[in-house]
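In case you want the letters, here they are:
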Amino acid sequence: MALSTLDARTALVLIDLQQGITAIPGAPHSMPEVIARATELADAFRAHQLPVILVRVSGAPDGSDFAQGRTDAPRRTGGTRPDGWDVIVDELAGHAEDLVVTKRNVGAFYGTDLELHLRRRGITQIVLAGVATSMGVESTARAAHDHGYHVTLATDASTDMDETIHQHSIDRILPRFAETGTTAEILELLEKTR
């Protein structure tokens, strides 16, 4: 589906672009490509005085503050994470006007202050990008849609660990909750917004 519009009060929400996660190979887009495109989006949103929200996942080393429900997939608990694994990548960090939201679940809404930040700023739409498409990005898109936001996904500024899973989210799941487009298409719309 072609992108229709960006609302005047749109925020950029970048999911899990942090040192530990972006050290893992991405598919179909490499992590350096995703970081570069996310940085391009962030710079454009800042230039238009629109909010940039950097979401990172963090938690206790023993996993005690993560969702505890049973799953078929093995859960990572305990262990030592490398220093700085939950630090936002250098390319996006260091902008005092950006908001940082820390999550302890897959999605960025539950258990965080993301909704409060968006409502206080009168945001009606979010542009999403980040890692992993089928997890944090998709979960956040679903919740944003449920909260009544218009959602746009930057398809080439998002990636996963598996190309097939990424493509399934892009082609089959996310169009139910969002409009999708490339970074270039979103930037073009952003220029028309003001």
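This write-up is about the structure you can find in this document. (Residues numbered from 1 in each chain as written. Predicted model: local features only at pLDDT ≥ 70, side-chain atom pairs only at ≥ 80, totals over all residues. Heavy atoms only, no water.)

## Here's the deal with the pattern of salt bridges
Then, number 1: Counted by the stated rule, this structure contains nine salt bridges.
Then, number 2: For the salt bridge of Asp43 with Arg46, the shortest nitrogen-to-oxygen distance reads 2.9 Å. One end of the pair is Asp43 and the other is Arg46, both in helix H2 (residues 31-47) and three residues apart, which spans about a single turn.
Then, number 3: As a salt-bridge pair, Glu138 and Arg142 come within 3.2 Å of each other at their nearest N and O atoms. Residue Glu138 and its partner Arg142 are located together in helix H4 (residues 133-146), separated by four residues, close to a single helical turn.
Then, number 4: In this structure, a network of salt bridges that share partners links the residues Asp43, Arg46, Glu97 and Asp98. (Salt bridge = Lys/Arg side-chain N within 4 Å of Asp/Glu carboxyl O. Helix = DSSP H or I, 4+ residues; strand = E, 2+ residues; numbered from the N terminus.)

## As for the packing of H4 against helix H5 (residues 163-173)
Then, number 1: For the pair H4 and H5, interaxial distance at closest approach is 10 Å and the crossing angle is 25 degrees. Taken together, H4 and H5 sit at an angle that is classed as roughly parallel. Where H4 approaches H5, its residues Thr133, Ser134, Glu138 and Arg142 are matched on the opposing element by Ile165, His166, Ser169, Ile170 and Ile173.
Then, number 2: Taken together, the residues of the contact of H4 with H5 break down into three nonpolar, four polar and two charged. (Axes fitted to C-alpha atoms, helices over the stretch in contact; angles between N-to-C directions. Parallel < 35°, antiparallel > 145°, perpendicular 65-115°, else oblique. Contact = heavy atoms within 4.5 Å. Nonpolar A, V, L, I, M, F, W, Y, C, P; charged D, E, K, R; others polar.)

## Some remarks on the nonpolar core
When a protein is soluble and globular, its nonpolar side chains tend to lie buried together.
Then, number 1: With 32 residues, the main nonpolar core has Leu12, Leu14, Leu17, Leu41, Phe45, Leu92 and Ile186 as its most contacted residues.
Then, number 2: Sorting the residues of this core by element identifies strand S1 (10-15), H2, strand S2 (52-57), strand S4 (125-131), strand S5 (150-159) and helix H6 (183-193) as the ones contributing at least two each.
Then, number 3: For this core, the element with the highest residue contribution is H2, accounting for eight residues.
Then, number 4: Once residues within four sequence positions are removed from consideration, Leu41 is found in contact with Leu12, Ala154, Ala157, Thr183, Ile186 and Leu187.
Then, number 5: Val13, Ile53, Leu114 and Ala141 belong to the second-largest nonpolar core, a separate cluster that totals 24 residues. (Core = buried A, V, L, I, M, F, W, Y, C linked by side-chain atoms within 4.5 Å. Buried < 20%, exposed > 50% of the residue type's maximum accessible area, 1.4 Å probe, protein only.)

## Details of the pairing of S4
Then, number 1: Among the seven residues that make up S4, seven are buried, leaving the element largely enclosed by the rest of the structure.
Then, number 2: Every second residue of S4 is oriented toward a common face, with Gln125, Val127, Ala129 and Val131 on one face and Ile126, Leu128 and Gly130 on the other, all of them buried.
Then, number 3: Taken together, the six bridges between S1 and S4 define a ladder with parallel strand orientation. For Leu12, the partnering residue across the bridge sits in S4 and is Val127.
Then, number 4: Bridging between S4 and S5 involves six bridges; their strand directions are parallel. Note on S5: the bridge partner recorded for Gln125 is His150.
Then, number 5: In the classification by handedness, the crossover that spans S4, the intervening H4 and the parallel S5 is right-handed. (Pairing = 2+ DSSP bridges. Right-handed = clockwise from strand over helix to strand, strands pointing away.)

## Let's talk about the pairing of S2
Then, number 1: The buried fraction of S2 is high, at five of six residues.
Then, number 2: Sheet analysis places S1 next to S2, joined by four bridges and oriented parallel. When the sheet's bridge partners are listed, Leu12 is paired in S2 with Val52.
Then, number 3: Two elements, S2 and strand S3 (residues 99-103), share five bridges in a ladder whose sense is parallel. Pairing of Leu54 across the sheet is with Val100, part of S3.

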